[in-house]
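# Overview (structure and organization)
The primary structure of each chain is shown beneath.
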Amino acid sequence: MTDLETAAHPEQLRRVAIDPVTRVEGHGKVTLLLDEDNKVHQVRLHIVEFRGFEKFIQGRPYWEVPVMVQRLCGICPVSHHLAAAKALDMIVGATRLTPTADKIRRLMHYGQILQSHALHFFHLASPDLLFGFDSELAKRNVVGVIAAYPETAKKGVLLRKYGQEVIRVTAGKRVHGTGAIPGGVNKSLSADERDALLKDAYQMVTWSREAVALARQLFERDAAFSNAFGRFDAHSMSLVGTDGAMDLYHGGLRARAMGGEILFDHFDYTRYWDVIVEDVKPWSYMKFPFLRELGPEHGWYRVGPLTRVANCDFIPTPLADKERTDFLASPGAAGATLGYHWARMIEMLHAAEAIRDLLHDDDIAGADLVVGGERAGRGVGVIEAPRGTLIHHYRVDEHDQVIRANLIVSTTHNNQAMNEAIRQVARQYLDGREVTEGLLNHIEVAIRAFDPCLSCATHALGRMPLEVAIVSHDGTPVDRMTRGTDGRCTRE
Amino acid sequence: MNEQTFNLDGQEIPFAAGQSVMQAALAAGVFVPHLCYHPEFRPHGSCKLCTMKINGRPATSCTTPAAAGMEVESDTPEILDTRRILLQMLLVEGNHFCPSCEKSGHCKLQALGYELGVMSPHFNHFYPDRPVDASHPDVLLDFNRCILCELCIRASAEVDGKNVFALSGRGIKKHLIVNAESGKLGDTDFALTDKAAQVCPVGVILPKHKGFAVPIGQRRFDAEPISAHVEEFKPIAAAAPRAGDKP
């Protein structure tokens, strides 16, 4: 149990709730327990949605899994689609995909990374970063960004649209396609499809470079603040390629201790349970994974863009690799919670470069789509989803039915890390001060840095309603603030 | 000899002796919604989707013999509403999760839903508990999607000569069963090459390991609505015997 996780005497404290947390995927809430002097005693990020996919996939035929489980999410369904397909490659004995299948899946995945990162940075996070965390509430949203920075907003929208188009061409639909099947893919690219995507591929690289520059500028305009905001030390984990390169589609697991030393490297993810254990806590539906070697108390870790950019040895596309070098040279950025945004844009640039290069590869038009081999009963697929390492694990019986499933999604890996970030923010900005909407938004800013997908659920357009109630230790209402769907706050 | 005709929504439809209203309409290129009808089998009249108003009275057009001078209404708001309600009842009675169904894009129930503009289930879902039968090495039975059209029963009995399938129970408890002591398809002599494996209009009888092999855009009903496939449903030549015809 970490500091501020559980107050010694919660019954004597008043409770402030941020419910729901806004501009994130899914539904979660934050509770703060404060004493009479507004001193913070407990901070928790609760995930209040129940997923259930592991249960209702049981009994279904294995080939249905990649299409069904992607319904977990409307933002990164491709990641679930591909992680499941990779697991089922093992089930059908496809130890090595055809070059066409491998590259079509990668193309699909980079399209996913591009669209998801663009969505997060421009639509969800930029209002905080461009206007300020406690800026005027009515402006602090994507509509405000469109009004104040129309060119930036337009590029964000078009970057996402392009990523969605890459997904449509490779998977059949922009959201919830069927492209990856056990052992390969069900289509390659026609010449017309490739040419249509190539037309804008170079523009996407250019805009992604501009996005990296913007993220960097926003971080460095007050580097001391950016470095300190919600900062905490953590271990980290991601996939890396056999040569140490950033590889978001396939590789071995690499974990680093908070000091930078490698805990394990190129670990075969098909035995992830040898290095990762999932813990549960009574106040959240989301599990708390930890590194087995370090135990539940000290073994929690961080995943996602920040980790991946720092954890790999290099990025195998030149422009993104140059940006990585600059990022790592910026003192403290690679460990800063707000560094996530900068790292995320570097990954978006990498995805844009990778898409451009794959579109010039003749293998994407090949006809050899599927391979098979000796059937197995267990399959594990791991991929670096936009938000971090994503693990799918299935067992299939002799009748081809799924009998067990376990999913550890990216946000689950970051569960403890997000809790640490908001506790740090609570200490830094809320402790001893009167609670205001702007201060509460600091907590949400820290959560948003991780781009969490709290339920792996679909994204809601517009501002979600928020109600904050402060109740004294004897239960008497002290203060109450509500925010409607129009963004207006009222105090009762 | 003068050709005999009946009037369908203002259009004179010619027919041959022995043809049903639906067969004549399909032969003339007029699509008629249906699920239990198959050109190679005798009319069944159970799904009721082909219901028309014939001489002022509702009747299943697949079982009503065409007659000269009939006045038939099909494409009217009243008939279309009836068909939509029938589809909605079928959709809530079983577990039809099109988003993850491998028959999606090939399914006649789904295609008719699009054709007739079924925008919501309207009724409360039954959510019946119907376990999958995966015991056969080559074929999966997903009873969740069964609409009781009996095409598999008829094909197995009349063409394959195996009697693998049957209906059991009455009323709302009626359901498809497998004719084996264990009740499992794996304990029958059913084969993927059987006619019964080819006729399911929905996603009950499925070849294993093939799901989602056809990409979106190339599936049966992706490019055109089911009504544009009328040629596939035209009756077979009158001289050729249909499955189940008495010798």
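In case you missed it, the structure is sitting above this.
Cut-off values and rules
- Residues numbered from 1 in each chain as written.
- Chains lettered and ligands numbered in written order.
- Predicted model: local features only at pLDDT ≥ 70, side-chain atom pairs only at ≥ 80, totals over all residues.
- Heavy atoms only, no water.
- Salt bridge = Lys/Arg side-chain N within 4 Å of Asp/Glu carboxyl O.
- Buried < 20%, exposed > 50% of the residue type's maximum accessible area, 1.4 Å probe, protein only.
- Contact = heavy atoms within 4.5 Å.
- Buried area = accessible area lost by both parts, 1.4 Å probe.
- Polar contact = N/O pair within 3.5 Å; in protein donor to acceptor, adjacent residues only side chain to side chain.
- Nonpolar A, V, L, I, M, F, W, Y, C, P; charged D, E, K, R; others polar.
- Axes fitted to C-alpha atoms, helices over the stretch in contact; angles between N-to-C directions.
- Helix = DSSP H or I, 4+ residues; strand = E, 2+ residues; numbered from the N terminus.
- Parallel < 35°, antiparallel > 145°, perpendicular 65-115°, else oblique.
- Left-handed = near helix turned anticlockwise from the far one by under 90°.
- Core = buried A, V, L, I, M, F, W, Y, C linked by side-chain atoms within 4.5 Å.
- Domains from an automatic or database assignment.
- Phe/Tyr/Trp six-rings, centres within 6.5 Å; stacked < 30°, edge-to-face > 60°.
- Lys NZ or Arg CZ within 6 Å of the ring centre and 35° of its normal.
- Pairing = 2+ DSSP bridges.

### Some details on the pattern of salt bridges
Two side chains carrying opposite charge are able to pair once their charged atoms lie near each other. As enumerated under the stated definition, the model contains 40 salt bridges over all chains in all. Across the pair Arg145 of chain B and Asp142 of chain B runs a salt bridge whose closest N-O atoms are separated by 3.4 Å. Accessibility classification places Arg145 of chain B together with Asp142 of chain B in one group, the buried group. One connected set of salt bridges, linked through shared partners, spans Arg60 and Glu64 of chain A together with Asp142 and Arg145 of chain B.

### A short note on the interface of chain A and chain B
The interface of chain A with chain B comprises 21 residues on the first partner and 18 residues on the second. Taken together, both faces of the contact between chain A and chain B bury some 1,600 Å²; the carbon and sulfur share is 59%. In this structure, the connection of chain A to chain B is made through three salt bridges. Salt-bridge contacts for Lys208 of chain B lead to Asp400 of chain A; the nearest nitrogen and oxygen are separated by 3.0 Å. Applying the counting criterion to the chain A and chain B interface returns seven residue pairs in polar contact (both at pLDDT 80 or more). Across the side of chain A that touches chain B, the residue classes tally to seven nonpolar, seven polar and seven charged.

### Remarks on the packing of helix H3 (residues 77-91) of chain A against helix H4 (residues 99-131) of chain A
Residue and element names in this part refer to chain A. Where H3 meets H4, the closest approach of the two axes is 9 Å, and the angle between their N-to-C directions is 150°. In this view, H3 runs roughly antiparallel relative to H4, as classed from their interaxial angle. Our pair here, H3 against H4, has a crossing hand that is left-handed. Across from Pro77, Val78, Ser79, His81, Leu82, Ala85, Lys86 and Asp89 in H3, the residues of H4 making contact are Arg105, Met108, His109 and Gln112.

### Here we look at the nonpolar core
Soluble globular proteins tend to bury their nonpolar side chains together. Judged by nonpolar contacts, the single largest core of 136 residues is most densely connected at Val30, Leu32, Tyr162, Leu359, Tyr394 and Ile443 of chain A. If one sorts the elements of this core by residue count, H4 of chain A sits on top with 15 residues. Taken domain by domain, this core gets at least three of its residues from each of domain 1 (10-48 + 417-491) and domain 2 (97-230 + 341-363) of chain A. When neighbours within four sequence positions are excluded, Val30 of chain A is seen to be in contact with Val16, Ala17, Ile18, Val21, Val43, Arg44, Leu45, Ile422, Ile443 and Ile447 of chain A. Formed by 64 residues, the second largest nonpolar core is a distinct cluster that contains Phe6, Cys50, Ile153 and Val199 of chain B.

### Notes on the packing of aromatic side chains
Residue and element names in this part refer to chain A. In the structure shown here, the tally under the stated rule is 19 aromatic pairs over all chains. Measuring from centroid to centroid gives 6.0 Å for Phe131 and Tyr149, while their planes differ by 40°, and the two rings are tilted. With a gap of 18 residues between them, Phe131 in helix H4 and Tyr149 in the loop between helix H5 (142-148) and helix H6 (150-171) connect regions that are remote in the sequence. Judged by relative accessible area, which is 32%, Tyr149 ranks as partly exposed. The structure contains a cluster of three or more aromatic residues connected by ring pairs, namely Phe133, Phe225, Phe229 and Tyr429. Its end group placed over the ring of Tyr249, Lys86 keeps NZ or CZ at 4.6 Å from the ring centre. One Lys or Arg, Arg302, reaches over the ring of Phe232 and ends 4.7 Å from the middle of that ring.

### Concerning the sheet that holds strand E13 (residues 388-396) of chain A
All names here are of chain A. Read across the sheet, three strands follow the order E12-E13-E14 without closing on themselves; strand pairing throughout is antiparallel. Of all strands in the sheet, those bounded by a partner on one side alone are strand E12 (378-385) and strand E14 (402-408). Each neighbouring strand pair of the sheet contributes to a mean axis angle of 10°, computed without reference to strand direction. Across six bridges, the pairing between E13 and E14 is antiparallel. Paired with Arg395 across the two strands is Arg404, which belongs to E14. Its contacts with the sheet put H3 on E12 and E13, and the angle it makes with E12 is roughly 150°.

### Points about the environment of Thr31 of chain A
By secondary structure assignment, the location of Thr31 of chain A is in strand E2 (residues 28-34). Ignoring anything within four residues of it in the chain, the contact list for Thr31 of chain A reads Arg15, Val16, Ala17, Gln42, Val43, Arg44 and His46 of chain A.

### Examining the sheet that holds strand E8 (residues 262-267) of chain A
Hydrogen bonds between backbone atoms are what pair the strands of a sheet, whose relative direction is either parallel or antiparallel. All names here are of chain A. The strand order across the open sheet built from four strands is E8-E7-E6-E11, with neighbouring strands paired in mixed fashion. Lying at the two open borders of the sheet, with one neighbouring strand each, are E8 and strand E11 (301-302). Across two bridges, strand E6 (residues 235-240) lies against E11 in parallel orientation. Looking across to E11, one finds that His235 is bridged to Tyr301.

### Some words on the side chain of Glu347 of chain A
Examined against the element boundaries, Glu347 of chain A turns out to sit in helix H12 (residues 339-359). A relative accessible area of 0% means that Glu347 of chain A is categorised as buried.

### Notes on the pairing of strand E10 (residues 288-291) of chain A
Residues and elements named next belong to chain A. Of the two faces of E10, the one holding Phe288 and Phe290 and the one holding Pro289 and Leu291 are both buried throughout. By the bridge criterion, four bridges tie strand E9 (residues 276-279) to E10 in an arrangement that is antiparallel. Across the sheet, residue Ile276 finds its bridge partner in E10, namely Leu291.

### Quick word on unusual backbone geometry
Residue and element names in this part refer to chain B. Here Leu148, not a glycine, exhibits a phi torsion of approximately 60°, which is positive. Among the structural elements, Leu148 can be located in the loop between strand E6 (139-141) and helix H4 (151-160). With a phi close to 65°, Phe212 is a non-glycine residue in the positive phi region. Examined against the element boundaries, Phe212 turns out to sit in the segment after strand E9 (205-207).

### Examining the environment of Lys161 of chain A
All names here are of chain A. Structurally, Lys161 is set in helix H6. Residue Lys161 is classed as exposed on the basis of its relative accessible area of 55%. It is 33 Å that separates the C-alpha atoms of Lys161 and Lys287, two residues lying 126 residues apart in sequence.

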